[in-house]
Amino acid sequence: MNIRAMLSTDLDAVAAVHKAAFARQQYSKEWISANFAAYPRMQFYVAEVDGEIRGFIHWTQKSGFRPEVILELEQIAVHPDAHGKGIGTALIRDSLPLVKAQLATREAVLKHIIVTTRADNAAQRIYQKELGAEIEAVITNLYSADEVFMIARNVERINN
Ligand SMILES: CC(C)(COP(=O)(O)OP(=O)(O)OC[C@H]1O[C@@H](n2cnc3c(N)ncnc32)[C@H](O)[C@@H]1OP(=O)(O)O)[C@@H](O)C(=O)NCCC(=O)NCCS
């Protein structure tokens, strides 16, 4: 498995993973395309397995280009056919150093990582395990259900 920065030629494959992963979200290609164009505010990394894109992660810098960055793990998805094989874990673990390297090009460092997900989404476990994120608030009836707001604090040390 190879975790690398997304290229414009990956657009269809990433959109296909997005479509397969998020049943309630529409216009996957337009969504990925618009966000991909917002680099370096938004950064996409993909998981390639045997030459095929099986997952992606979408990181977003919040609230301006700050020297101490609040980074949001905005979306992560692995194709449903490939769940439970460590791809999601690798996407988080191996893309974060690439994000930090990109931030370092403007001498910025990571301060905190925020991530939100449905209160009933098992993805919370991966955020807790890989980032040390903790639930700081539960927001009632946000997207399709209650949403947990998680923060991983002091994360510059991760992967160091
Ligand atoms: C969340 C997601 C990316 C995890 O990817 P993955 O490749 O299956 O994850 P891994 O194989 O690395 O497993 C990571 C850990 O998280 C757990 N986990 C995470 N999400 C899970 C899910 N939806 N269902 C079951 N277990 C899940 C696994 O049990 C595993 O823990 P363990 O190693 O202690 O058993 C994947 O389930 C997915 O694409 N879900 C749909 C999209 C989504 O909900 N994204 C998050 C909100 S943006």
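One structure accompanies this document, and this report is about it. Note that the coordinates shown come from a computational prediction; the quantities given were computed from them, not determined experimentally. (Residues numbered from 1 in each chain as written. Predicted model: local features only at pLDDT ≥ 70, side-chain atom pairs only at ≥ 80, totals over all residues. Heavy atoms only, no water.)

### Observations concerning the site of the ligand
In the neighbourhood of the ligand, 20 residues make up the surrounding shell, with Val78, Gly84, Gly86, Gly88 and Thr89 lying closest. One nitrogen or oxygen atom from the side chain of Asn121 is found 2.9 Å from an oxygen atom belonging to the ligand. With the chains in place, 71% of the 870 Å² that the ligand exposes on its own is no longer accessible. When residues of the shell around the ligand are assigned to their parent elements, the largest contribution, 5 residues, is made by helix H4 (residues 123-131). Within the shell around the ligand, the residues separate by chemical class into 9 nonpolar, 8 polar and 3 charged. (Near = heavy atom within 4 Å. Polar contact = N/O pair within 3.5 Å; in protein donor to acceptor, adjacent residues only side chain to side chain. Areas by Shrake-Rupley, 256 points an atom, 1.4 Å probe, with all protein chains shown as cover. Helix = DSSP H or I, 4+ residues; strand = E, 2+ residues; numbered from the N terminus. Nonpolar A, V, L, I, M, F, W, Y, C, P; charged D, E, K, R; others polar.)

### Re the environment of Glu74
Structurally, Glu74 can be placed in strand E4 (residues 68-78). The exposure class of Glu74 is partly exposed, given its relative accessible area of 25%. Sequence separation of Glu74 and Thr117 is 43 residues, and the distance between their C-alpha atoms is 9.3 Å. Here Glu74 is in contact with Trp31, Met42, His58 and Thr60, once residues within four sequence places are set aside. (Buried < 20%, exposed > 50% of the residue type's maximum accessible area, 1.4 Å probe, protein only. Contact = heavy atoms within 4.5 Å.)

### A closer look at the sheet that holds strand E5 (residues 109-118)
Two modes of strand pairing occur in sheets, parallel and antiparallel, and in both the strands are linked by backbone hydrogen bonds. Strand order in this open sheet of 7 strands is E1-E2-E3-E4-E5-E7-E6, and the pairing throughout is mixed. For this open sheet the edge positions go to strand E1 (2-5) and strand E6 (134-139), each flanked by a neighbour on one side alone. Put simply, the sheet's adjacent strands are angled 25° from each other on average, direction ignored. Both strand E2 (residues 42-49) and strand E3 (residues 52-61) contribute to a ladder of 8 bridges, which runs antiparallel. Residue pairing in the sheet places Val49 in a bridge with Glu52 of E3. Contacting E2, E3 and E4, helix H1 (residues 11-21) runs over the sheet at an angle of about 85° to E3. Lying on the sheet, helix H3 (residues 87-104) is in contact with E1, E2, E3, E4 and E5; it crosses E3 at an angle near 45°. (Pairing = 2+ DSSP bridges. Axes fitted to C-alpha atoms, helices over the stretch in contact; angles between N-to-C directions.)

### Side note on the side chain of Glu130
Residue placement: Glu130 occurs in helix H4. Within the local environment of Glu130, its side chain forms a polar contact with the side chain of Arg93, the two groups lying 2.8 Å apart.

### Let's talk about the side chain of Gln43
Following the sequence through the fold, Gln43 ends up in strand E2. In terms of polar contacts, Gln43 uses its side chain to reach the side chain of Tyr45, at 2.7 Å. In this structure the side chain of Gln43 is engaged in a polar contact, spanning 3.0 Å, whose partner is the side chain of Gln102. Gln43 has contacts with Ile57, His58, Trp59, Gln61, Val99 and Gln102, leaving out every residue within four places of it along the chain.

### What to know about the pattern of salt bridges
One pass over the full model with this rule turns up 8 salt bridges. In this structure, the salt-bridge partner of Glu48 is Arg4, at a minimum N-O distance of 3.2 Å. Of this pair, Glu48 sits in strand E2 while Arg4 sits in strand E1, placing them 44 residues apart in sequence. The closest approach of N and O atoms between Asp12 and Lys29, which form a salt bridge, is 2.9 Å. Remark: Lys29 occurs in helix H2 (residues 28-36) and Asp12 occurs in helix H1; sequence separation between them is 17 residues. The exposure class assigned to Lys29 is partly exposed, which follows from its relative accessible area of 41%. Three or more residues are tied together by salt bridges with common partners; here these are Arg4, Asp10 and Glu48. (Salt bridge = Lys/Arg side-chain N within 4 Å of Asp/Glu carboxyl O.)

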